[in-house]
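The chain contents come next:
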There are 2 protein chains.
Amino acid sequence: MRLAKSWIDSANDPDGAFPLNNLPYGVFSTGGGAPRCGVAIGEMILDVAAAERAGLIALPGGPLLQGAAWNALMQAGAEVWKALRARLTALLAEGAAEAEALRPHLVARGEAIMHLPFAVAEFTDFYASRHHATNVGTMFRGAENALPPNWLSIPIGYNGRASSVVVSGTPVRRPWGQVKRPDEALPRFAPSARFDIELEVGAIVGQPSDGPVSVAEADAMIFGYVLLNDWSARDIQAWEYQPLGPFQAKATATSISPWIVTAEALAPFRAPTPERARDLLPYLREPGPMLYDIDLSVDLAPKDKPAVTIARTNYREMYYSAAQQLAHHTTSGCPMRVGDLLGSGTISGPEPDSRGALLELSWGGRTPISVGDETRSFIEDGDTLTLRGHAQGDGYRIGFGDCTGTLLPAQGDPYAR
Amino acid sequence: MRLAKSWIDSANDPDGAFPLNNLPYGVFSTGGGAPRCGVAIGEMILDVAAAERAGLIALPGGPLLQGAAWNALMQAGAEVWKALRARLTALLAEGAAEAEALRPHLVARGEAIMHLPFAVAEFTDFYASRHHATNVGTMFRGAENALPPNWLSIPIGYNGRASSVVVSGTPVRRPWGQVKRPDEALPRFAPSARFDIELEVGAIVGQPSDGPVSVAEADAMIFGYVLLNDWSARDIQAWEYQPLGPFQAKATATSISPWIVTAEALAPFRAPTPERARDLLPYLREPGPMLYDIDLSVDLAPKDKPAVTIARTNYREMYYSAAQQLAHHTTSGCPMRVGDLLGSGTISGPEPDSRGALLELSWGGRTPISVGDETRSFIEDGDTLTLRGHAQGDGYRIGFGDCTGTLLPAQGDPYAR
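In short, a report on the structure. (Residues numbered from 1 in each chain as written. Chains lettered and ligands numbered in written order. Predicted model: local features only at pLDDT ≥ 70, side-chain atom pairs only at ≥ 80, totals over all residues. Heavy atoms only, no water.)

Each helix and strand counted, chain A has 10 helices and 27 strands in total. Taking 2.2 N^0.38 as the reference for a compact globule, 417 residues should give roughly 22 Å; the C-alpha atoms of chain A span a radius of gyration of 21 Å, in line with that estimate. With the C-alpha coordinates of chain A rotated into their principal frame, the extents come out at 70 × 50 × 40 Å. Of all intrachain contacts in chain A linking residues separated by at least 6 positions in sequence, the fraction that spans at least 24 positions is 72%. When the accessible surface of chain A is summed, it comes to about 14,500 Å², and 52% of that surface belongs to carbon and sulfur atoms. For chain A, the centre of its 35 positive side-chain charges and the centre of its 46 negative side-chain charges are spaced 3 Å apart. (Helix = DSSP H or I, 4+ residues; strand = E, 2+ residues; numbered from the N terminus. Rg over C-alpha atoms; globule rule 2.2 N^0.38 Å. Contact = heavy atoms within 4.5 Å. Areas by Shrake-Rupley, 256 points an atom, 1.4 Å probe, with all protein chains shown as cover. Lys, Arg positive; Asp, Glu negative; His and termini not counted. Charge placed at Lys NZ, Arg CZ, Asp CG, Glu CD.)

All names here are of chain A. The five strands are arranged E4-E3-E2-E1-E5 in an open sheet whose pairing can be described as antiparallel. Each having just a single partner strand, strand E4 (106–108) and strand E5 (113–115) make up the two edges of the open sheet. Here the average twist between neighbouring strands, direction ignored, is 50°. As paired elements, strand E2 (residues 36–41) and strand E3 (residues 44–47) share four bridges and run antiparallel to each other. Its bridge partner lying in E3, Gly38 is registered against Asp47. The sheet strands contacting helix H3 (residues 78–92) are strand E1 (25–29), E2 and E3, and the helix crosses E1 at an angle near 65°. (Pairing = 2+ DSSP bridges. Axes fitted to C-alpha atoms, helices over the stretch in contact; angles between N-to-C directions.)

Residues and elements named next belong to chain B. Within the fold, Glu198 resides in the loop between strand E12 (195–196) and strand E13 (199–205). Taking relative accessible area as the criterion, Glu198 reaches 4% and is therefore assigned buried. Beyond its immediate sequence surroundings of up to four residues, Glu198 is in contact with Asp125, His132, Leu228, Asn229, Asp230, Ser232, Arg234, Lys250, Thr346, Gly356 and Leu387. (Buried < 20%, exposed > 50% of the residue type's maximum accessible area, 1.4 Å probe, protein only.)

This brings us to the relation of the copies chain A and chain B. Relative to chain B, chain A is turned by 180° and slid 0.0 Å along the rotation axis, the superposed coordinates differing by an RMSD of 0.0 Å. Both copies of the chain, as the preceding transformation shows, are related through a two-fold rotation axis. Proximity to the rotation axis, assessed at the C-alpha, singles out Gly245 of chain A in chain A; its C-alpha lies 2.1 Å from the axis. A high fraction, 100%, of the interface residues of chain A reappear at the interface in chain B, so the copies pair face to face through one surface. (Least-squares fit on C-alpha atoms with pLDDT ≥ 70 in both.)

Residues and elements named next belong to chain A. Within this structure, the stated rule accounts for zero disulfides over all chains. Lacking any disulfide linkage, Cys37 is separated from the closest cysteine sulfur, that of Cys403, by 20 Å. Relative accessible area serves as the criterion here: at 0%, Cys37 is assigned to the buried category. (Disulfide = S-S within 2.5 Å.)

Attention now moves to the nonpolar core. Core analysis: the largest hydrophobic core is formed by 85 residues, its most contacted members being Tyr225, Leu266 and Tyr315 of chain A. Those residues in contact with Tyr315 of chain A, other than ones at most four positions away along the chain, are Val201, Tyr225, Leu291, Tyr292, Ile294, Leu296, Ala322, Ser344 and Ile347 of chain A. In this structure, Phe189 of chain A together with Ile156, Val261 and Leu326 of chain B belong to the second largest nonpolar core, which totals 84 residues. (Core = buried A, V, L, I, M, F, W, Y, C linked by side-chain atoms within 4.5 Å.)

Moving on to helix H5 (residues 130–141) of chain A. An α-helical turn contains 3.6 residues, so any two residues separated by three or four positions project in the same direction. Residue and element names in this part refer to chain A. The terminal C-alpha atoms of H5, which comprises 12 residues, lie 15 Å apart, in line with the 16 Å expected from a rise of 1.5 Å per residue. Buried residues of H5: His132, Ala133, Asn135, Val136, Gly137 and Met139, and no others. Structurally, H5 contributes buried residues whose contacts are with helix H10 (358–361). A positive backbone phi angle near 90° is found at Gly142, which sits one or two residues after H5. (Expected span 1.5 Å × (residues − 1).)

Take the interface of chain A and chain B next. Taken together, the 63 residues of chain A in the interface contact 63 residues of chain B. For the pair chain A and chain B, the two sides together bury roughly 5,500 Å², of which 57% comes from carbon and sulfur. For chain A, the biggest contributors to the area lost against chain B are Arg161, Leu244 and Phe247 of chain A; these three give 15% of the whole. Taken together, chain A and chain B are joined by four salt bridges. Across the pair Asp340 of chain A and Arg161 of chain B runs a salt bridge, and its minimum N-O distance is 2.4 Å. Summed over the shared surface of chain A and chain B, the result is 27 residue pairs in polar contact (both at pLDDT 80 or more). Broken down by secondary-structure element, the contributors of at least two residues to the side of chain A that touches chain B are strand E6 (123–126), strand E7 (157–159), strand E10 (176–179), strand E11 (188–191), helix H7 (234–240) and helix H9 (322–329) of chain A. Along the lines of polarity and charge, the residues of the side of chain A that touches chain B split into 33 nonpolar, 20 polar and 10 charged. (Buried area = accessible area lost by both parts, 1.4 Å probe. Salt bridge = Lys/Arg side-chain N within 4 Å of Asp/Glu carboxyl O. Polar contact = N/O pair within 3.5 Å; in protein donor to acceptor, adjacent residues only side chain to side chain. Nonpolar A, V, L, I, M, F, W, Y, C, P; charged D, E, K, R; others polar.)

This part takes up the environment of Asp373 of chain A. All names here are of chain A. If you trace the backbone, Asp373 turns up in the loop between strand E23 (369–371) and strand E24 (374–376). On the basis of relative accessibility, which here comes to 64%, the residue Asp373 falls in the exposed class. At 3.0 Å, the side chain of Asp373 forms a polar contact with the side chain of Lys305.

Residues and elements named next belong to chain A. For the bond running from Gln242 to Pro243, omega is 5°, close enough to zero to count as cis. Mapped onto the elements, Pro243 comes out in the loop between H7 and strand E16 (254–256). Even without being glycine, Trp363 reaches a positive phi, approximately 45°. Here Trp363 shows up in the loop between H10 and E23.

Strand pairing in a sheet is mediated by backbone hydrogen bonds. Such pairs are either parallel or antiparallel. All names here are of chain B. Read across the sheet, five strands follow the order E4-E3-E2-E1-E5 without closing on themselves; strand pairing throughout is antiparallel. Each end of this open sheet is capped by a strand with a single partner; those strands are strand E4 (106–108) and strand E5 (113–115). Within the sheet, the average angular offset between the axes of one strand and its neighbour, ignoring direction, is 50°. The pairing of strand E1 (residues 25–29) with E5 spans three bridges and is classified as antiparallel. Looking at the pairing, Phe28 lines up with Met114 of E5. Seen against the sheet, helix H3 (residues 78–92) touches E1, strand E2 (36–41) and strand E3 (44–47) and runs at an angle of roughly 65° to E1.

This next bit is on the side chain of Asp219 of chain A. Residues and elements named next belong to chain A. Its location among the elements puts Asp219 in helix H6 (residues 215–221). Classification of Asp219 by relative accessible area gives buried; the value is 14%. Among all residues touching Asp219, those that are not within four sequence positions of it are Arg270, Met290 and Ala323.

By themselves, these observations are geometric and do not establish any function.
Spelled out as structure tokens, the structure:
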């Protein structure tokens, strides 16, 4: 695949995130107006809600673009997803006859405020990068017991909290919680002192299911992908997570990037999962490559200081694909819904600087990392964390747009009143 | 409190579930019509959607009763909850002037099909009965390590799957999943052979929050209660749950009783939590009694055989109240939403026949229980499990209505096609 040229010049920049090949879906507002559906193209956003009202986009079963979320389009199914992408590609391609008619519906991206692009039905988070699981397991249980016995058989996941999902740019408040150091007999209620990020990719379920689905069916149910930062309070997690898993440690916020990059846009970048260390049960075997080659990075900017890239990795490092995770999610008959969000789990590579969490980068705080003229074991108040990602094509990129958030200091004791 | 008399005779039966003192909220349909809001009174249902349209009920900010769920009323807040209850009490009390006007809006309960009474936003399940946690812990980790170190400090909970919540009467299909016996080296994909119930009470969050709330505030946010059966595949759970908690083992179905019994109706039955074995952190301390004295039981009926009561216990056996659980749920800043459902966790008492799960009743299958002329370790195909509950007043009862479900046999291998 090569760069597809648009009549919008800024979309033809080979280093830009949003060429005609991408066409990601977001929800934006301008000047205090109502949030509405838009499509990123170069430095602009096409107001597709207005374009649909103007008759420039007509979808089967439409209108589908008038809400403040992309769920109606997702619900309409894969044929309609294809129809919209084809129509947008035609409208925005170099030489399109509709260019003049579309111009009034373009908004400068820099002037837009972004909102959550879809209504999150339920949120599930996985633990599916082998490097990450091995690192965390080595820290907590020793190198011999690093991977839990089930890890090579199951894409381990747990249910998260959909209400805590926020769009990139939303500040995150350092939480309070029950914490207990190993040398303490009893827990204290205190602000988290080991607040962390998790670099993940989120898969968005675009079609429902009501029984077990195969990996191929699951793959076809996935509408698109976002970057996802699963903010994590490691000290709260360490005390609470046995025996039923993380709970409040993961409930403060989960940030996602504002643009849904569609599975169709990513199709040229499909990549296989790594070689299996143990044969998978047949229901988890993939009929083809179902990961994607997406370069990922994490920047950390201390307050009033420049950002430093603290980790670089790739989505190919996952041991299980989103399609495998979704198929496993349905084995028990669990109904899946339009708008379900599946976090990949922290994506770590094999190198020390390819780890997707400060917990790993600083090895549990034992080896703080350099961030410019400062060091970090965990996030400090005022730090801004930014996830970035793109797939690199031949003279173009499929970019995700940043997933960023600044940590605000803890409030006073919420119960001291 | 005594029985409050109604002009509907069947509501004055001292052993009936739905006297004027109760007035629980459900969603029903008749003759294939649309589901609508109704209130149980004796053997009848008052069609409150119709009564509101007829002008017999007028709520601030209304109409609020025209949807197929009670979420709009919950959203309206506690003052409106009180206003509706006061109006219903007046309309249905002995001697009410509106009796003749209401009669056309009464439906026989026996002719109604019940639906989920509210849209479940998110579902959280807890592990908060000390007897249950001690029994399970003893089986899995030995008597010395029965309670996890955090158990006496934290109301342990995990996020469940809202999409799997179904109304009483919905059949449940035995799930497939990854299972591995201790003597097996690798897992198999097979139907669960240790499928179980969990006798619980569900608390329904009726008001949202956007930051930490106190136990008293949490108590005021709870709209009402239902009986809840958290169907559980013990063999799937045993293999999957380390390190991130139960996932597919709990995702097949969670059944709830069809009538929301309001916190107001239960107010005369408030009861304290048991004495603390360890001081709680201040944020978890209760300003007053926040459990309820609710007698609970479980019946098991093998296919085509009479039901046998296999367990009797009481909601007072909980170590943590729903208000404590909800307060803990918000500590990290986790936003709570109207329609969130909190399962109490399995409610077991101190006696062998007061245990709320077959896992405990049969002690992990080692001591099968008698059920008429059969025995049971776990649920067999065709078994019908029914939870019952009521608070006993002076000459009246606040009943919950049954929470029942029949286990259907597993389907053929869902992936063999």
